[in-house]
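Results of the structural survey
Here is what each chain is made of, one letter per residue.
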Amino acid sequence: MADPARARKLADRIKVIIAKRLERGLRDPRLGFVTITDVQVTGDLQHASVFYTVYGTDEERADTAAALKAATGMLRSEVGKNITARLTPSLEFILDAIPENAAHIEGLLREARERDTEVAGLASGAAYAGDEDPYVKPREFEDDED
């Protein structure tokens, strides 16, 4: 098992190598606007999971996934040329769900704001069920002088 710091450095290096190669372009017209978001390398440095996002529709995402799957061997050889490890890790491309998760969180926050304004509207016209100050106060007795 390799040092976790070495695995992280290798993952960062693989991320840069793949991003630069994709920036230069592939000869596959199916490849869309791809952003490499993260790379995770296993402890034995044998396998790298490359997370990416694609700007566009579901069809463009599927086409880009197919293009990356087809270019995996070429990208792996590019990684092998540019790292100083004994073995080149195998690559697996995984679509990152960051945009979908962000949209879901935005929807939840919007719903919470709407509910808060609804509750604030109800609270502005509400009246107390009992006294305004429900805490028990010490009684003050007036002395009757007979």
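Residues numbered from 1 in each chain as written. Predicted model: local features only at pLDDT ≥ 70, side-chain atom pairs only at ≥ 80, totals over all residues. Heavy atoms only, no water.

**Remarks on the overall build of the protein**
Helix and strand counts for the protein come out as four helices and three strands. In the protein, the succession of α and β elements from N to C terminus is α-β-β-α-α-β-α. On C-alpha atoms alone, the protein measures out to a radius of gyration of 30 Å, which is more than a quarter above the 15 Å that the 2.2 N^0.38 rule sets for 146 residues. The principal-axis extents of the C-alpha atoms in the protein amount to approximately 110 × 40 × 20 Å. The buried share among the 146 residues of the protein stands at 26%. Restricting the contact set of the protein to residue pairs at least 6 apart, pairs at least 24 apart contribute 60%. For the protein, the accessible surface area stands at approximately 11,100 Å², while carbon and sulfur atoms represent 52% of it. Placing the 20 positive and 28 negative side-chain charges of the protein at their respective mean positions leaves the two points 25 Å apart. (Helix = DSSP H or I, 4+ residues; strand = E, 2+ residues; numbered from the N terminus. Rg over C-alpha atoms; globule rule 2.2 N^0.38 Å. Buried < 20%, exposed > 50% of the residue type's maximum accessible area, 1.4 Å probe, protein only. Contact = heavy atoms within 4.5 Å. Areas by Shrake-Rupley, 256 points an atom, 1.4 Å probe, with all protein chains shown as cover. Lys, Arg positive; Asp, Glu negative; His and termini not counted. Charge placed at Lys NZ, Arg CZ, Asp CG, Glu CD.)

**Let's talk about unusual backbone geometry**
For Leu45, which is not glycine, the phi torsion reads 60° and is therefore positive. Along the polypeptide, Leu45 turns up in the loop between strand S1 (33–41) and strand S2 (47–55). Classification of Leu45 by relative accessible area gives buried; the value is 9%.

**What about the side chain of Arg21?**
Note on placement: Arg21 falls in helix H1 (residues 4–24). When its relative accessible area of 18% is taken as the criterion, Arg21 is described as buried.

**Some thoughts on the side chain of Asp96**
With respect to the secondary-structure elements, Asp96 resides in the loop between strand S3 (90–95) and helix H4 (98–124). It is Lys15 that comes nearest to the buried, bridge-free Asp96 among opposite-charge side chains, at 9.0 Å. Excluding residues that lie within four positions of it along the chain, Asp96 makes contacts with Thr37, Phe51, Tyr52 and Thr53. (Salt bridge = Lys/Arg side-chain N within 4 Å of Asp/Glu carboxyl O.)

**Side note on the packing of aromatic side chains**
Taken as a whole, this structure holds one aromatic pair when the rule is applied. Taking the centre distance of 6.4 Å and the plane angle of 70° together, the rings of Tyr52 and Phe93 count as edge-to-face. Taken together, the residues Tyr52 in strand S2 and Phe93 in strand S3 connect sequence positions 41 residues apart. (Phe/Tyr/Trp six-rings, centres within 6.5 Å; stacked < 30°, edge-to-face > 60°.)

**Quick notes on the sheet that holds S2**
Spatially, the three strands line up as an open sheet ordered S1-S2-S3, and their pairing is mixed. Here the strands that pair on one side only, and so sit at the sheet edges, are S1 and S3. Recorded for the sheet is a direction-independent mean angle of 30° between the axes of neighbouring strands. Direction of pairing for S1 relative to S2: antiparallel, over a ladder of eight bridges. (Pairing = 2+ DSSP bridges. Axes fitted to C-alpha atoms, helices over the stretch in contact; angles between N-to-C directions.)

**Examining the environment of Arg61**
Inspection of the secondary structure assignment puts Arg61 in helix H2 (residues 58–70). Residue classification places Arg61 among the buried residues on the basis of a relative accessible area of 18%. Between the C-alpha atoms of Arg61 and Gly32, which are 29 residues apart in sequence, the distance is 7.5 Å. With residues near it in sequence (within four places) discarded, Arg61 still touches Val54, Gly56, Leu95 and Glu100.

**Things to note about the nonpolar core**
Ile14, Ile18 and Leu91 are the most contacted members of the largest nonpolar core, which has 27 residues in total. Among the secondary structure elements, those contributing two or more residues to this core are H1, S1, S2, H2, helix H3 (72–82) and S3. Top contributing element to this core by residue count: H1, with seven residues. Leave out the neighbours within four places in its chain, and Ile18 touches Ile36, Val50, Val79, Leu91 and Phe93. (Core = buried A, V, L, I, M, F, W, Y, C linked by side-chain atoms within 4.5 Å.)

By themselves these figures say nothing about function.
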